[in-house]
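Next come the chains, spelled out residue by residue.
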Amino acid sequence: MKKLFFIIGLMGLVSLTVFGQKKRELTTQVSIDYTLPKISYDVVVTMECNRLIPGPFRQYAEQQLGIRPEITSEGEEWMIKKIQFVPRALPDPKAMYTVNASGEYNSILLNITPDGFLAGVGSGTTNQTRNEDIIYEEVKNNSESGINYVRFGIRSTQKEVLDSNFTEMEVEGEIRKVWDPIERQVLKESEDYVKEITEDIFAIRKKRLDMLAAGTATAEALKAMDKFEANYMSLFMGKKETREVVQTFSYVPEKADESVVLFRFSANDGITAKNNVSAIPYIVELKNIYVPKKEAAQAGNSRPVPSLSYREPAVADLCLLKGKENVMTVRCVIPQLGFIKQFPLDVINNEGISIDFYPQYGSLKSIMKK
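Quantities reported herein were computed from a predicted structural model and do not represent experimental measurements. (Residues numbered from 1 in each chain as written. Predicted model: local features only at pLDDT ≥ 70, side-chain atom pairs only at ≥ 80, totals over all residues. Heavy atoms only, no water.)

**Student:** Sorry if this is basic, but what is going on with the overall build of the protein here?
**Tutor:** On a plain count of helices and strands, the protein comes out with five helices and 17 strands. Evaluated residue by residue, the protein yields a buried proportion of 37% over its 370 residues. Nonlocal contacts in the protein, meaning residues at least 24 apart in sequence, comprise 75% of its contacts between residues at least 6 apart. Of the roughly 21900 Å² of accessible surface on the protein, 51% is carried by carbon and sulfur atoms. (Helix = DSSP H or I, 4+ residues; strand = E, 2+ residues; numbered from the N terminus. Buried < 20%, exposed > 50% of the residue type's maximum accessible area, 1.4 Å probe, protein only. Contact = heavy atoms within 4.5 Å. Areas by Shrake-Rupley, 256 points an atom, 1.4 Å probe, with all protein chains shown as cover.)

If you want it as C-alpha cells, here you go:
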C-alpha cells in the first residue's frame, strides 16, 4: 500500500502526542488545510483640525482694544500629525494547501494558528500573531461651538431706557411743563455688550496689576483671571476649536516597483477625493526590492513529493511620498513578493526534524533535529 504522510493540525494551544515513526492505517482519506499569509498595511493617518470661529464683536476690536483680529471668517485648518504603517497578516488565496492522508501513514505534529497559518512542525508550540483592530474614528473635544457673549459674566440682556414725557405742574403760581420720563426695559444691542465687556477687560487687567503690586496674587487667582480675560478677548479676536481625526487606509503590495496614491490632503479640507488634483497626493512606493534566488532544481521538479510549502519572502523599502518629497522609508518583509518553496515530509519524518515558522510571513524561523 502506498505510504503517505498525515499532518495533524493544531488550533490555538491544543496539543497532541507525536508517535514518532509508528505507522497507522486509515480506511478513510483525511485532509488537512493550511495557508500562507500575505502582508497588508493599515495606513493610520492622525490629523489635527482647527475650526476657526470669528468673534461676534470683531468689527469693534481695533476701535475698543487697538488690535486687529486675525480670525475674520469661518473656516478650517488641517495638519497631519502622524502617519503610521501597521502590518497585518491576511490569508493569501493564491497560497492555500491541502495534505491528504489515507492507508498507511506516519504521524507528524503540525502547529497551525487560529488564522490557519503554518506555525511549526513537530515543535509543540504555536506562535500566535497579534491582531489589532484599527478603524476610522473622530475624537472631538468638549469645546462649545461658536462664541456666546451672553454667557460671559453675569449680565442682564435688557437695559433701561427713558422715554420723553412732559406733565403740567404748578410752579410758583405758574403752570409749567415738567419733564417726567417714563422708564421701560428693552433688549440690549451689540454696542451695549461691547461697552460692558470692554470695561470688564480693562477692569480685569487693573485688578491683576493691583494684586501683583500688593503681593496678594496667587497662581490660582492669576490663572482664573487670565482664563476669564481670554474668554472675553475671544469675543473680539475669535478662537480656534481643535479636534483630532484619525483615518485608516488599506494598502496591499501587489507587485514590485509599484506606485499607489493612498489619499490626497488639503490644508483647508483635510483628506479629499483622489481625483482632486489641487490637493497634495500621499503616495506609497516599493523600492530596493530583494528577492532570494529560486533554486532551479525546485522550479523544474516534475515529480512532486508530499511536502510542506513555505515562503522565501521578499524584502523592500516601503516609501511614503508627499508629492515628490520622501517623508518616510521603512524596510519591511513582504512575503507575497517572494516565492514558495517545499520541504519534503519524508525528510522531516525520517530525520526527526522540528521546524518553526514565522506565521505572519510563512517563512522559516528555525530547524532543529530532535
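Additional details are given in the paragraphs that follow.
**Student:** How do you make sense of helix 3 (residues 219-237) when you look at a structure like this?
**Tutor:** Note that an α-helix has 3.6 residues per turn; residues three or four places apart therefore point the same way. With 19 residues, helix 3 ought to run about 27 Å at 1.5 Å a step, and its terminal C-alpha atoms sit 25 Å apart, in line with that. Listing the buried residues of helix 3 in full gives Met225, Glu229, Tyr232, Met233, Ser234, Leu235 and Phe236. Structurally, helix 3 contributes buried residues whose contacts are with helix 1 (61-65), helix 2 (190-214) and strand 10 (239-251). Downstream of helix 3 by a residue or two, Gly238 has a phi angle that is positive, lying close to 85 degrees. (Expected span 1.5 Å × (residues − 1).)

**Student:** How should I be thinking about unusual backbone geometry in this particular structure?
**Tutor:** For residues besides glycine, phi is generally negative; the peptide bonds are generally trans as well. We note that Asp257 has phi near 60 degrees; this positive angle belongs to a residue other than glycine. Assignment of secondary structure puts Asp257 in the loop between strand 10 and strand 11 (259-266). The class for Asp257 is exposed, based on a relative accessible area of 63%. Residues other than glycine seldom take positive phi values, yet Asn288 does so here, at roughly 50 degrees. In this fold, Asn288 is placed in strand 13 (residues 280-290).

**Student:** I keep staring at the pairing of strand 14 (residues 307-322) and nothing clicks. Help me out?
**Tutor:** Moving residue by residue along a regular strand, the side chains alternate between the two faces of the sheet. Of all 16 residues in strand 14, 13 are buried; the element is thus mostly enclosed. Examined bridge by bridge, strand 13 and strand 14 share seven bridges and lie antiparallel to one another. Paired with Val284 across the strands is Leu320, a residue of strand 14. Pairing between strand 14 and strand 15 (residues 325-344): 15 bridges, direction antiparallel. Paired with Val315 across the bridge in strand 15 is Val333. If you look at the hairpin formed by strand 14 and strand 15, you'll find two residues sitting between the two strands, and Gly323 has a positive phi there, around 70 degrees. (Pairing = 2+ DSSP bridges.)

**Student:** Looking at this structure, I do not really get the pattern of salt bridges. What am I missing?
**Tutor:** Any two side chains of opposite charge can pair if their charged atoms end up close together. A full pass over the atoms with the stated rule returns 15 salt bridges. Salt-bridge contacts for Arg68 lead to Glu62; the nearest nitrogen and oxygen are separated by 3.5 Å. The class for Arg68 is exposed, based on a relative accessible area of 64%. A relative accessible area of 45% places Glu62 in the partly exposed class. For the salt bridge of Lys206 with Asp210, the shortest nitrogen-to-oxygen distance reads 3.1 Å. Here Asp210 and Lys206 lie together in helix 2, a separation of four residues that amounts to about one turn. Looking at Lys206, the relative accessible area reads 52%, which means it is exposed. Take Asp210: its relative accessible area is 40%, and that puts it in the partly exposed class. (Salt bridge = Lys/Arg side-chain N within 4 Å of Asp/Glu carboxyl O.)

**Student:** Mind showing me how you'd approach the nonpolar core here?
**Tutor:** Nonpolar side chains in soluble globular proteins generally cluster together in the buried interior. Core analysis: the biggest nonpolar cluster contains 28 residues, and Ile83, Phe85 and Phe263 have the highest contact counts within it. Of all elements in the fold, only strand 2 (23-53), strand 3 (75-112), strand 10, strand 11, strand 13, strand 14 and strand 15 reach the threshold of two or more residues within this core. The element best represented in this core is strand 2, accounting for six residues. Setting aside chain neighbours within four positions, we find Phe263 in contact with Val45, Ile80, Ile83, Phe249, Ile271, Ile280, Pro281 and Tyr282. (Core = buried A, V, L, I, M, F, W, Y, C linked by side-chain atoms within 4.5 Å.)

**Student:** Please clarify how the packing of aromatic side chains should be interpreted in this entry.
**Tutor:** When we look at a pair of aromatic rings, we describe it by the centre distance and by the angle of the planes. Evaluation of the coordinates by the stated rule reveals nine aromatic pairs. When the centroid spacing of 6.1 Å and the interplanar angle of 75 degrees are considered together, the rings of Tyr41 and Phe85 count as edge-to-face. One end of the pair, Tyr41, is in strand 2; the other, Phe85, is in strand 3, and 44 residues separate them in sequence. The burial state of Tyr41 is the same as that of Phe85; both residues are buried. Their ring planes at 45 degrees and their centres at 6.2 Å tell us that Tyr310 and Phe357 sit as a pair that is tilted. Residue Tyr310 is found in strand 14, and its partner Phe357 is found in strand 16 (residues 353-358); the two are separated by 47 residues along the sequence. Of the two residues examined, Tyr310 and Phe357, each falls in the buried class. Taken together through their ring pairs, the aromatic side chains of Phe249, Phe263, Phe265 and Tyr282 make up a single cluster. (Phe/Tyr/Trp six-rings, centres within 6.5 Å; stacked < 30°, edge-to-face > 60°.)

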